[in-house]
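# Remarks on the overall topology
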Amino acid sequence: NAGVMQNPRHLVRRRGQEARLRCSPMKGHSHVYWYRQLPEEGLKFMVYLQKENIIDESGMPKERFSAEFPKEGPSILRIQQVVRGDSAAYFCASLFGLGDTYEQYFGPGTRLTVT
Amino acid sequence: KQEVTQIPAALSVPEGENLVLNCSFTDSAIYNLQWFRQDPGKGLTSLLLIQSSQREQTSGRLNASLDKSSGRSTLYIAASQPGDSATYLCAVQGAQKLVFGQGTRLTINP
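Here we summarise the structure given alongside this text. None of the values given here were measured: they were computed from a predicted structure.

Rules of the game
- Residues numbered from 1 in each chain as written.
- Chains lettered and ligands numbered in written order.
- Predicted model: local features only at pLDDT ≥ 70, side-chain atom pairs only at ≥ 80, totals over all residues.
- Heavy atoms only, no water.
- Helix = DSSP H or I, 4+ residues; strand = E, 2+ residues; numbered from the N terminus.
- Rg over C-alpha atoms; globule rule 2.2 N^0.38 Å.
- Buried < 20%, exposed > 50% of the residue type's maximum accessible area, 1.4 Å probe, protein only.
- Contact = heavy atoms within 4.5 Å.
- Areas by Shrake-Rupley, 256 points an atom, 1.4 Å probe, with all protein chains shown as cover.
- Buried area = accessible area lost by both parts, 1.4 Å probe.
- Polar contact = N/O pair within 3.5 Å; in protein donor to acceptor, adjacent residues only side chain to side chain.
- Nonpolar A, V, L, I, M, F, W, Y, C, P; charged D, E, K, R; others polar.
- Phe/Tyr/Trp six-rings, centres within 6.5 Å; stacked < 30°, edge-to-face > 60°.

### Quick look at the overall build of chain B
If you tally the helices and strands in chain B, you get 0 helices and 11 strands. Scanning chain B from its N terminus toward the C terminus, one meets helices and strands in the order β-β-β-β-β-β-β-β-β-β-β. Over its C-alpha atoms chain B spans a radius of gyration of 13 Å, differing by no more than 12% from the 13 Å that the globule rule assigns to 110 residues. Considering only C-alpha atoms, chain B reaches an extent of 40 × 25 × 20 Å along its principal axes. The buried share of chain B, taken over its 110 residues, is 44%. In chain B, of all internal contacts separated by at least 6 residues, the share reaching a separation of at least 24 is 53%. In the structure as shown, chain B presents an accessible area of about 5,200 Å², 47% of it carried by carbon and sulfur atoms.

Given below as structure tokens:
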């Protein structure tokens, strides 16, 4: 069973361009989380999605950021008109839940650099 | 709103010492608490997960405890090695998401 996959692993964008980050959860997992880690900071929750639904987007910046998890294919985190402050590591996690037991499994991350 | 604090922010010890990393959280309504390791520029490696009904978990030289009522967890590392040098993150699982602490940057000196 492959783990959580993210691509690309590294992404360089110029200011004003769009960044698309992809996340494929573990097989059979239908819940995906996105977290952002700014330089020298801890990880911060951005958004929680199920297939075709956004459950909690309380951590998403109000502008330029969007996320989706379609019925088929990976989850996409999209950042429009990137700025230097968007440079960070973006981690995706998929959730395993059974009764009261929950565990999130993390992907390797996408490191976005905005020049 | 859940807040997670890790103390100390950085720790440097000689090889072979036993050490304790601390984590505290403000809301005891959690599903579990997880300790991760992160090497510079790398992803997260899950070390130990303690369900809310458990008091501790052990894996090799690592032991993590959980006291929900006081909002505290500790990660105990026995016989530290230079390869243990990394940032250690504590995270608590609430209803919808993980809330992370800022981490403890650990350096083990040979």
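### Looking at the interface of chain A and chain B
Each partner contributes to the interface: chain A provides 22 residues, whereas chain B provides 21 residues. Looking only at chain A, the three residues that lose the most surface to chain B are A:Leu43, A:Tyr102 and A:Phe106, adding up to 29% of its buried area. Run the count over chain A and chain B and you get 7 residue pairs in polar contact (both at pLDDT 80 or more). Mapped onto the side of chain A that touches chain B, the elements with two or more residues apiece are strand S4 (31-37), strand S5 (43-50), strand S6 (53-56) and strand S10 (101-106) of chain A. A total of 5 residues in the side of chain A that touches chain B trace back to one element, the largest contributor, which is S10(A). Considering only residue class, the side of chain A that touches chain B consists of 10 nonpolar, 5 polar and 7 charged.

### Quick look at unusual backbone geometry
For the bond from A:Asn7 to A:Pro8, the omega torsion is 0°, close enough to zero to count as cis. When you line up the elements, A:Pro8 lands in the loop between strand S1 (5-7) and strand S2 (10-13). Here the amide bond leading from B:Ile7 into B:Pro8 is cis, since omega sits at 0°, within 30 degrees of zero. Inspection of the secondary structure puts B:Pro8 in the loop between strand S1 (4-7) and strand S2 (10-14). Residues other than glycine seldom take positive phi values, yet A:Glu52 does so here, at roughly 65°. A:Glu52 sits in the exposed class, given a relative accessible area of 57%. One non-glycine residue, A:Gln81, lies in positive phi territory at about 45°. With relative accessibility at 54%, the residue A:Gln81 sits in the exposed group.

### A short note on the packing of aromatic side chains
How two aromatic rings sit relative to each other is set out by the distance from centre to centre and by the angle between their planes. On inspection of all chains with the given rule, the structure shows 9 aromatic pairs over all chains. Measuring from ring centre to ring centre gives 6.5 Å for A:Tyr33 and A:Phe45, while their planes differ by 65°; the resulting arrangement is edge-to-face. Within this pair, whereas A:Tyr33 is found in strand S4, its partner A:Phe45 is found in strand S5, the two being separated by 12 residues in sequence. When sorted by exposure, A:Tyr33 lands in the same class as A:Phe45, which is buried. Ring plane angle 80° and centroid distance 6.0 Å describe the contact between A:Phe106 and B:Phe100, whose orientation is recorded as edge-to-face. Remark: B:Phe100 occurs in strand S10 (residues 98-100) and A:Phe106 occurs in strand S10; the pair is interchain, linking two chains. Here A:Phe106 matches B:Phe100 in class, with each residue buried. Every member of this aromatic cluster is reached through a ring pair, and the members are A:Tyr33, A:Tyr35, A:Phe45, A:Tyr48, A:Phe106, B:Phe36 and B:Phe100.

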